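# Survey of secondary and tertiary structure
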Amino acid sequence: MTGVQTCALPIYQNLEIIFCDNESTDNSLQIARTLKEAKYPQLIIETAPNIYKYSWEEPVNKALSISTGDYFTIVGADDYLDKDYVKNFMSVISAAPDKIFVFQSVLRGVDAEEKFLSDISHSYKNLEEFKKLLFEKCPVNTPTVVYNKKLYELGLIDWQSEKWLGANDYNL
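Before going into details, it helps to say that this report is about the structure given with it.

On to the sheet that holds strand E7 (residues 145-148). Strand order in this open sheet of 3 strands is E3-E7-E4, and the pairing throughout is antiparallel. Strands at the two margins of the open sheet, each flanked by one partner only, are strand E3 (71-72) and strand E4 (102-104). Of the strand pairs in this sheet, E4 and E7 are connected by 3 bridges, and their pairing is antiparallel. If you follow Val 102 over to E7, its bridge partner there is Tyr 147.

The next subject is helix H2 (residues 28-38). All of the buried residues in H2 are Ser 28, Leu 29, Ala 32 and Leu 35. Down the axis, H2 shows its buried residues gathered within 125 degrees of arc, on one side only. Exposed and facing more than 90 degrees away from the buried side of H2 are Glu 37 and Ala 38.

What follows deals with the environment of Thr 73. Tracing the chain through its elements places Thr 73 in the loop between E3 and helix H4 (85-93). We classify Thr 73 as partly exposed; its relative accessible area is 25%. In the structure, Thr 73 is positioned 72 residues away from Val 145 in sequence and 6.2 Å away in space, judged by C-alpha atoms.

Turning our attention to helix H3 (residues 57-66). Where H3 is concerned, the buried positions are Glu 57, Glu 58, Pro 59, Val 60, Ala 63 and Leu 64. On its buried face, H3 sits against strand E1 (18-21), E3 and helix H6 (149-153).

Here we come to unusual backbone geometry. Only a minority of non-glycine residues have a phi that is not negative, and only a minority of peptide bonds are not trans. Of note, Glu 23 is a non-glycine position whose phi angle comes to about 65 degrees, a positive value. With respect to the helices, strands and loops of the structure, Glu 23 is situated in the loop between E1 and H2. Even without being a glycine, Asn 27 presents a positive backbone phi close to 75 degrees.

Enumeration according to the criterion identifies 1 aromatic pair in this entry. Relative to Tyr 147, the ring of Phe 72 lies with its centre 5.2 Å away and its plane at 25 degrees, an arrangement referred to as stacked. Taken together, the positions of Phe 72 in strand E3 and Tyr 147 in strand E7 put the pair 75 residues apart, joining distant regions of the chain. Summarising the burial analysis for this pair, Phe 72 and Tyr 147 share the class buried.

Quick look at the environment of Leu 15 now. Here Leu 15 lies in the loop between helix H1 (3-7) and E1. Taking the C-alpha atoms as reference points, Leu 15 and Gln 42, separated by 27 residues in sequence, lie 9.7 Å from one another.

Looking now at the side chain of Glu 58. Summarising the element assignment, Glu 58 is placed in helix H3. This buried residue, Glu 58, is left without a salt bridge; Lys 62 holds the nearest opposite charge, at 12 Å. In terms of polar contacts, Glu 58 uses its side chain to reach the backbone amide nitrogen of Ile 51, at 2.9 Å. Leaving out residues up to four positions away in the same chain, Glu 58 has contacts with Asn 22, Ala 48, Pro 49, Asn 50, Ile 51 and Tyr 52.

Reading guide: rules and limits
- Residues numbered from 1 in each chain as written.
- Predicted model: local features only at pLDDT ≥ 70, side-chain atom pairs only at ≥ 80, totals over all residues.
- Heavy atoms only, no water.
- Pairing = 2+ DSSP bridges.
- Helix = DSSP H or I, 4+ residues; strand = E, 2+ residues; numbered from the N terminus.
- Buried < 20%, exposed > 50% of the residue type's maximum accessible area, 1.4 Å probe, protein only.
- Arc of directions from axis to C-beta.
- Contact = heavy atoms within 4.5 Å.
- Phe/Tyr/Trp six-rings, centres within 6.5 Å; stacked < 30°, edge-to-face > 60°.
- Lys, Arg positive; Asp, Glu negative; His and termini not counted.
- Salt bridge = Lys/Arg side-chain N within 4 Å of Asp/Glu carboxyl O.
- Polar contact = N/O pair within 3.5 Å; in protein donor to acceptor, adjacent residues only side chain to side chain.

On their own, these measurements won't tell you what the molecule is for.
The following block contains the structure:
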């Protein structure tokens, strides 16, 4: 099951799922189109040019430019979301939405049969180190991070594709 397929598992009335392909070669765009036709007509499908070879800057910026939500996370084709992912992170954020601008959960490793392998977590010297890394490059793996869209709108999240070429889900 691909990232886009697991995104569509829980259908929430106020959940907006935007799939934006940047000329991928793994058949993701066709999978998204099939999913939209067969099960999830609300799925928004966009495309973006692939300017930076190993970056997701183009599709993420395109998706954020049309999104209407307050929070976002980024899910890659190789990411799997648990069926309770949205419910779990929204239960935390809704407890203090005016105070939570970035939320990180544990990354759970699973194999191809979705069997649990291990939890992967990150540690930091202090809160200041985490903040510094968060705004310079991503110190954590997505989709374990949920961002308030205001951070992006204020220019506090920048992919810096020319500087951080590589696996961009590790180099925000």
